[in-house]
Amino acid sequence: MTPLLIAQLGLTLFVFVMLLNSAAVMVYVERKVAALLQQRLGPYLVGPKGLLQPIADVIKLMFKEELRPRAADPFLFALAPMISATAAFAAFAVVPFGADTTFFGLLDEPLRLQVADVNVAILVIFAIASMSVYGIVLAGWSSNSKYSLLGGLRSSAQMISYELSYGLALASVLVVANSLSLTDIVNRQAGTWFGFVPRWLVFLQPLGFLIYMTAGVAETNRAPFDFPEAEQELVAGYHTEYSSMSFAMFFLAEYINMVTVSAVATDLFLGGWHGPFLPLSLGWIWFLLKVGAILFFYVWMRWTLPRYRYDQLMSFGWKVLLPLSVVNLLVTAAGVLYFGG
Amino acid sequence: MMPTLNDYLLLSAVLFTIGTAGVFVRRNLITILLSIEIMLNAVNLTFVAFGRSFGTADGQIIVFFVMTVAAAEAAVGLAIVIALFRHRESLNPDSFTSLKW
Amino acid sequence: MTLFYLFGAIAVVASLLVIAQRNPMYSVLLLILSFGALSGLYVLLEAPFVAVIQIIVYAGAIMVLFLFVVMLLNEPKEDTEEARLRLVVAPGAAQMGAILAVALIGELGWALTRTGGQSGAFPAGAVTSVAAIGRLLFNDYSFPFEVTSILILVAMVGAVVLARRESRRSDGA
């Protein structure tokens, strides 16, 4: 067991624990920001400024009774939240979140702050995003109730529709950056133009960034694209019949998907861990700040924008976003060809 | 000991036979289509194995095309299954043996 | 080698269960498992692009289509009594079928493993990069590439027309 191997195992564990924590933090942030946007206080009883609220939520969820409808398919009913949660965690495995670091000289060679360094990282993220559809569709089906089935079918149809634009936005980034590896793409965004404008890909690909964020929000079933799980429409959509820890796993999967989309957006478009005033080994602070900004934007959008109706949502995905992403890809390819990369 | 080309080809032969057996044995249209997908995947494995043993990427290109064709065929096949089911309310291919619609 | 046996075993067992399962929903899920194992085999064969494409296209798109159709048609289990009866319509038919299947595997195995003098081991090679595949695809195979786009268009139109409800069509259309 070389020190590097121990460090890598430690890193995997660390990423796992941090993702769980981020979900808890997101629970609190969502409720607090929602409250402040709506000019009320939000959680303030549990702990100072309500900071221990997520812990209270977790304890409450753990102690609830685990219900299972009698007509539900037992194996699939139990499998669906596991698929959702596993896909959410697995997608973060290829996301780098900091520069190579040697932990202040403790290691002989630098450790890449990425659980798995594959050179087709973008494709892997896309693949796992397409696997997470199964959690939802199986949840909707196995609950054997009309609201769940409708919610599950609608939600999965929405996800596979927006996957196309998601993939094409990723393809435009690939054309510009000439590599599928996320670390390469981030390192390409180091430095500045004219001394003060950072070389982020968002400036080369503004439309691509917008398309990616829109498709990402739709993929994670968040507002304004959260019709399939909206309370007013379908009770709770595909997770109507779930309670206690299974419900918690769906919730967890949703928040971690949000974190993954934000992290990938940061890596691809916003320069990852590069930023001024800090040495590169502390770049993960910049990464956290950027991801936090995008997550705040996510929550802000949820509590500000009205919800799309389902047919509006689908027609937007197919008739607006998909042609736009194809045009973006064509223009990007033409630009790369013209300007010589 | 690394797996040799023969190991992959044998595995692909086994998968292909399983797919063929599924097409003949099963009495459910959807499962028959699934068995056809198994056969196509076995062929994909053969192509990639051969491509690797020759050192070129042509095997993977062919697999790319096979996958596209399989996707198109699955879509059309399932549309036919839906149309048949709407007409006869059954997924058993034995209900469609007479030419009368 | 152990990885090869592991993935191979998962693929074979999952495929066997696909054709042995009565519930079509479970068949679809088992086939997804089999595709996952095949994807692992592709990674072992140093073809990461094909491995990821297998997950994205086969396990992620085609199987979702199958799942939707299974849920739409909602035929819970097939009539196994009828199926069993048809299998043994002739005495010893099932056994004969099994023997012939084993014979088929044997013949395929013999045909595919005749090496003609080579050892059959793989040459040491690098992982094929996606850029190399792209270059091949757009230079040597550009014509089939364009034709598949027409193929997909035709399949899409055909699927929509075939699955349309007949009652909505007026007589004059």
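Each value, and the rule that gives it
- Residues numbered from 1 in each chain as written.
- Chains lettered and ligands numbered in written order.
- Predicted model: local features only at pLDDT ≥ 70, side-chain atom pairs only at ≥ 80, totals over all residues.
- Helix = DSSP H or I, 4+ residues; strand = E, 2+ residues; numbered from the N terminus.
- Rg over C-alpha atoms; globule rule 2.2 N^0.38 Å.
- Contact = placed C-beta atoms within 7 Å.
- Expected span 1.5 Å × (residues − 1).
- Buried ≥ 20, exposed ≤ 12 C-beta atoms within 10 Å, placed from the backbone.
- Axes fitted to C-alpha atoms, helices over the stretch in contact; angles between N-to-C directions.
- Parallel < 35°, antiparallel > 145°, perpendicular 65-115°, else oblique.
- Left-handed = near helix turned anticlockwise from the far one by under 90°.
- Core = buried A, V, L, I, M, F, W, Y, C linked by C-beta atoms within 7 Å.
- Domains from an automatic or database assignment.
- Nonpolar A, V, L, I, M, F, W, Y, C, P; charged D, E, K, R; others polar.
- pLDDT = per-residue confidence, 0-100.
- Bend = angle between axes of the 7 residues up to and from the residue.

1. Some remarks on the overall build of chain B
Of regular secondary structure, chain B possesses three helices and zero strands. Each helix and strand of chain B, placed in order from N terminus to C terminus, yields the pattern α-α-α. The C-alpha atoms of chain B give a radius of gyration of 17 Å, which is well past the 13 Å a tight globule of 101 residues would have. In terms of principal-axis extent, the alpha carbons of chain B reach across some 55 × 25 × 20 Å. Taking as baseline every contact in chain B between residues at least 6 positions apart, the subset at least 24 positions apart corresponds to 45%.

2. Some thoughts on helix H3 (residues 74-91) of chain A
One turn of an α-helix holds 3.6 residues; hence residues three or four places apart share an orientation. All names here are of chain A. If you check H3, its first and last C-alpha atoms are 27 Å apart, about what 18 residues at 1.5 Å a residue would give, namely 26 Å. Buried within H3 we find Phe77, Ala80, Pro81, Ile83, Ser84, Ala85, Ala87, Ala88, Phe89 and Ala91. Check the buried side of H3 and you find it contacts helix H1 (3-37), helix H4 (121-142) and helix H10 (244-269).

3. Quick look at the packing of helix H2 (residues 29-54) of chain B against helix H1 (residues 2-20) of chain C
Orientation of H2 of chain B relative to H1 of chain C, taken along the N-to-C sense of each, is 160°, at an axis distance of 10 Å. With respect to each other, H2 of chain B and H1 of chain C are oriented roughly antiparallel. Every pair of crossing elements has a handedness; the one defined by H2 of chain B and H1 of chain C is left-handed. Across the interface between the two elements, Thr31, Leu34, Ser35 and Ile38 of chain B of H2 of chain B pack against Ser15, Val18 and Ile19 of chain C of H1 of chain C.

4. Points about the nonpolar core
The biggest cluster of nonpolar side chains holds 160 residues, and the ones touching the most others in it are Ile125 of chain A together with Val28, Val52, Met63 and Phe66 of chain C. For this core, the leading source of residues is H4 of chain A, giving 17 residues. Mapping this core onto the domain boundaries places at least three of its residues in each of domain 1 (1-77) and domain 2 (129-165) of chain C.

5. So, the interface of chain B and chain C
Opposite the 59 residues of chain B that make contact, chain C presents 66 residues. Of all the secondary-structure elements, those providing two or more residues to the side of chain B that touches chain C are helix H1 (5-25), H2 and helix H3 (58-88) of chain B. When residues in the side of chain B that touches chain C are grouped by element, the largest group, 21 residues, is from H3 of chain B. Among the residues making up the side of chain B that touches chain C, the classes are represented as 41 nonpolar, 13 polar and five charged.

6. Looking at the interface of chain A and chain C
Counting residues at the interface gives 13 residues for chain A and twelve residues for chain C. No other element matches H4 of chain A, which puts nine residues into the side of chain A that touches chain C.

7. Let's talk about the confidence of the model for chain C
All names here are of chain C. Per-chain confidence: chain C averages 81 in pLDDT, with 77% of residues scoring 70 or above. Predicted confidence in chain C is weakest over helix H4 (residues 80-87), with a mean pLDDT of 48, and strongest over helix H7 (residues 142-162), with 93. Across the whole predicted complex the pTM is 0.87, and at the interface the ipTM reaches 0.90.

8. Re the environment of Lys60 of chain A
If you trace the backbone, Lys60 of chain A turns up in helix H2 (residues 53-63). We classify Lys60 of chain A as exposed; it has 11 C-beta atoms within 10 Å.

9. Some thoughts on helix H12 (residues 310-339) of chain A
All names here are of chain A. Across its 30 residues, H12 extends 41 Å between first and last C-alpha, which sits within 8% of the 44 Å expected from 1.5 Å per residue. Along its length, H12 shows its largest kink, about 35°, at Phe316. Listed in full, the buried residues belonging to H12 are Leu313, Gly317, Leu321, Ser325, Asn328, Leu329 and Thr332. Check the buried side of H12 and you find it contacts helix H5 (146-177) and helix H8 (206-219). Two residues or fewer after H12 comes Gly340, characterised by a positive phi angle close to 75°.

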